[in-house]
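Residue-level structure breakdown
Each chain, written out:
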Amino acid sequence: MPALHQWDYLFAFGTIFAALDAYNIGANDVANSFATSVSSKSLTMMQACMAAALMEFLGGVLVGARVSGTIKNGIVTIDSFQNNAGVQLLGFTVALCCSATWLMIATRNSWPVSTTYSIVSAIAGVGVAVGGKDAVQWGWNNGSGLATIFAGFIIAPGISAGFAAVIYMLTKYCVLLRKNSLRAGFATVPVFFFGVTAILTMCIIWKGSPTLDLKELPGNITAAAIIGTAAVVTVLSLIFWLPFVYVKTVRNDYTVKFYHFFSGPLLWWRQPPADALVTDISAVPDYHVIYEGQDSRPADTAKEEKLASEDASSDEKEESPVDTPPATESTTAPASKEDGSVFAALLYKALTHGTTIDIHKLQTEGSDQKRLRAMHERAKQYDNKTEHLYSFLQVMTACTASFAHGANDLGNAVGPYSAIYAIWSTGVAAGQQSETPVWILVAGALFLVIGLATYGYNIMAVLGNRMTLHSPSRGYSMELGSAITVILASQYAIPVSTTMCITGATLGVALCNGDLKSFNWRGLGWIVLGWVLTVPIAGVSAGCVMGIILNAPHF
């Protein structure tokens with residue numbers, strides 16, 4: 001059949017709002033996934049965006065689902081549309097419009113919400129509009145009914161909190177509280193490398209590779225792949241990671257650069273600077289939370305730098321020429337070139353604006369700074385060099401979770417849109433599954449990364465240190481606890497939200513401080529409110545819009 005060109009405007013609306021939906025998945029969903037890494041200072045905002053760009057693209061484009069569920073999670077039966085291609089096209093367009101709009105509102109108001117629940121609820125609303133209440137699977141329905149959404153409000157955060165708390169308590173008592181915590185860290189971190197790699201490999205096999213069908217492998221091959229991968233990574237960590245971190249923490253070799261990591265065993269014979277053990281320069285970043293007015297440097301150093309800055313400022317004023325000659329025509333760029341450079345500068349600034357935001361400053365200042373400072377003081381900050389050992393594990397966990405997210409959750413935007421494209425281009429009603437062209441995956445991943453880079457900071461600002469004190473050891477425990485929950489949920493066909501998992505994991509680690517006041521309960525209340533509002537707002541709005549359009553008077 002020919003393409004449905006009489007409804008080109010629906011295809012255009014679907015394209016716009018699918019892009020907006022993918023943008024908000026990056027600004028909301030990916031942002032809250034990387035919030036722990038940025039808040040603990042394991043990654044800068046720029047590094048987080050680069051890691052997300054790489055891993056989300058690899059996950060979504062290389063091993064992402066080439067066949068997407070037309071009706072996300074099977075909430076609505078395909079028969080509800082009565083094989084009417086035009087109504088299907090309208091329905092998926094309305095669902096994307098309402099889902100993307102709600103996600104933008106939530107992101108603007110700094111509410112971390114589930115992008116999965118948003119599109120599922122919107123499609124459920126469309127289903128009610130076209131087929132009545134019986135068109136929606138309201139019960140459990142083997143893990144694919146609407147009841148699983150409400151169950152996820154409790155299941156996902158609760159299980160994540162338990163796993164994250166166990167992981168952090170092991171880290172705390174085996175390493176952080178030991179007399180020589182750095183030595184204990186070197187002795188135990190390779191074991192953690194093995195465990196973390198095994199868990200992340202399971203995450204890739206069972207959740208992050210729909211196209212490769214790795215989860216269909218026999219049990220013995222799967223077990224061998226998991227143990228083998230973990231063993232290889234552990235050996236590589238002993239060869240490359242151990243000497244690299246040792247010379248930075250024990251020898252305080254502040255001249256070591258990131259590319260020296262690949263020197264591996266040769267670093268054991270590298271000589272540090274003569275003043276390495278007496279200088280105030282540290283080879284590792286300061287992971288401690290610093291408030292406005294505090295200075296982590298010695299007081300004398302800060303005073304000298306301030307005086308030097310004032311002297312330089314006065315010298316500039318004295319030496320600045322009073323009458324600067326006007327620019328001649330020979331030194332003035334043509335207007336067209338000047339306009340072009342201004343436009344390029346503005347475009348670059350817009351696309352990289354989010355990467356220049358100081359997330360830690362946003363999380364530790366404002367009208368509630370006093371309350372946040374009191375909350376953080378109830379949580380112990382451990383040895384900075386020991387914390388540095390866990391930054392590598394945290395980055396590895398965050399990148400793997402991002403890979404799995406791109407492979408699966410990118411379908412929240414491209415799944416309905418691939419159905420829209422298929423219906424519009426062929427004129428045939430879509431079935432339960434629809435092919436997803438590679439260019440749609442690439443475009444979706446691109447908008448997802450742009451969303452994180454330009455607006456992800458708005459979600460990160462209300463997470464991380466605004467919920468509880470973050471550090472690399474705490475952050476890796478949170479992310480690993482969340483990853484374990486996602487693995488178990490995927491095995492038992494329970495749809496869970498990564499947003500809810502990481503929030504629950506944050507709460508679990510915070511409770512390990514032994515003080516209920518070390519967690520921002522008011523902030524948690526606002527987050528849960530966003531979760532709860534997502535279902536009725538996305539569902540009701542999509543249902544109402546679909547119903548009004550279907551039953552609108554016409555000539």
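A few points on the structure. (Residues numbered from 1 in each chain as written. Predicted model: local features only at pLDDT ≥ 70, side-chain atom pairs only at ≥ 80, totals over all residues. Heavy atoms only, no water.)

Considering the side chain of Thr468
Mapped onto the fold, Thr468 is located in the loop between α15 (457–460) and α16 (472–491). With a relative accessible area of 1%, Thr468 lands in the buried category. Of note is the side chain of Thr468, whose polar atom sits 2.8 Å from the backbone oxygen of Ser518. Leave out the neighbours within four places in its chain, and Thr468 touches Met375, His376, Met478, Thr506, Ala510, Asn513, Ser518 and Phe519. (Helix = DSSP H or I, 4+ residues; strand = E, 2+ residues; numbered from the N terminus. Buried < 20%, exposed > 50% of the residue type's maximum accessible area, 1.4 Å probe, protein only. Polar contact = N/O pair within 3.5 Å; in protein donor to acceptor, adjacent residues only side chain to side chain. Contact = heavy atoms within 4.5 Å.)

Let's talk about empty space enclosed by the protein
Under the criterion given, the structure shown has three cavities of 30 Å³ or more. In this structure, the largest cavity occupies an estimated 220 Å³ of space. In terms of lining, the largest cavity is formed by 17 residues, of which the most central are Ser33, Ala401, Ser402, Ser482 and Thr498. At the level of elements, α1 (8–39), α12 (384–408), α16 and α17 (498–511) are the ones that each hand at least two residues to the lining of the largest cavity. (1 Å grid on protein atoms, 1.4 Å probe; cavity = no way out; pocket = protein on both sides within 12 Å on 5 of 7 lines; lining within 4 Å. Points joined across faces, edges and corners; volume = space filled by probe spheres on them.)

As for the packing of aromatic side chains
Under the criterion given, the structure shown has 22 aromatic pairs. The interplanar angle of 55° and the centroid separation of 5.9 Å between the aromatic rings of Phe186 and Tyr246 together place this pair among those described as tilted. Here Phe186, found in helix α6 (residues 181–206), pairs with Tyr246, found in helix α7 (residues 219–249); they are 60 residues apart in sequence, far enough to count as distant. With a centroid separation of 6.1 Å and an interplanar angle of 25°, the aromatic rings of Phe240 and Phe261 are classed as stacked. Note that Phe240 is positioned in helix α7 and Phe261 in the loop between α7 and α8 (299–319), a separation of 21 residues in sequence. Overall, Phe240 belongs to the partly exposed group, its relative accessible area being 26%. Residue class for Phe261 comes out partly exposed when judged on its relative accessible area of 22%. (Phe/Tyr/Trp six-rings, centres within 6.5 Å; stacked < 30°, edge-to-face > 60°.)

Let's talk about a nonpolar patch on the surface
Taken together, the side chains of Val232, Val235, Leu236, Leu238 and Ile239 make up a nonpolar region of the molecular surface, amounting to roughly 390 Å² of accessible area. Taking relative accessible area as the criterion, Ile239 reaches 34% and is therefore assigned partly exposed. (Patch = residues over 30% accessible without salt bridge, like charges linked within 9 Å, V, L, I, M, F, W, Y side chains within 5 Å. Areas by Shrake-Rupley, 256 points an atom, 1.4 Å probe, with all protein chains shown as cover. Salt bridge = Lys/Arg side-chain N within 4 Å of Asp/Glu carboxyl O.)

Observations regarding unusual backbone geometry
Phi at Lys41 takes a positive value of approximately 70°, unusual for a residue other than glycine. Inspection of the secondary structure puts Lys41 in the loop between α1 and α2 (45–62). Here Ser110, not a glycine, exhibits a phi torsion of approximately 60°, which is positive. Turning to its location among the elements, Ser110 is positioned in the loop between α3 (85–108) and α4 (115–131).

By themselves these figures say nothing about function.
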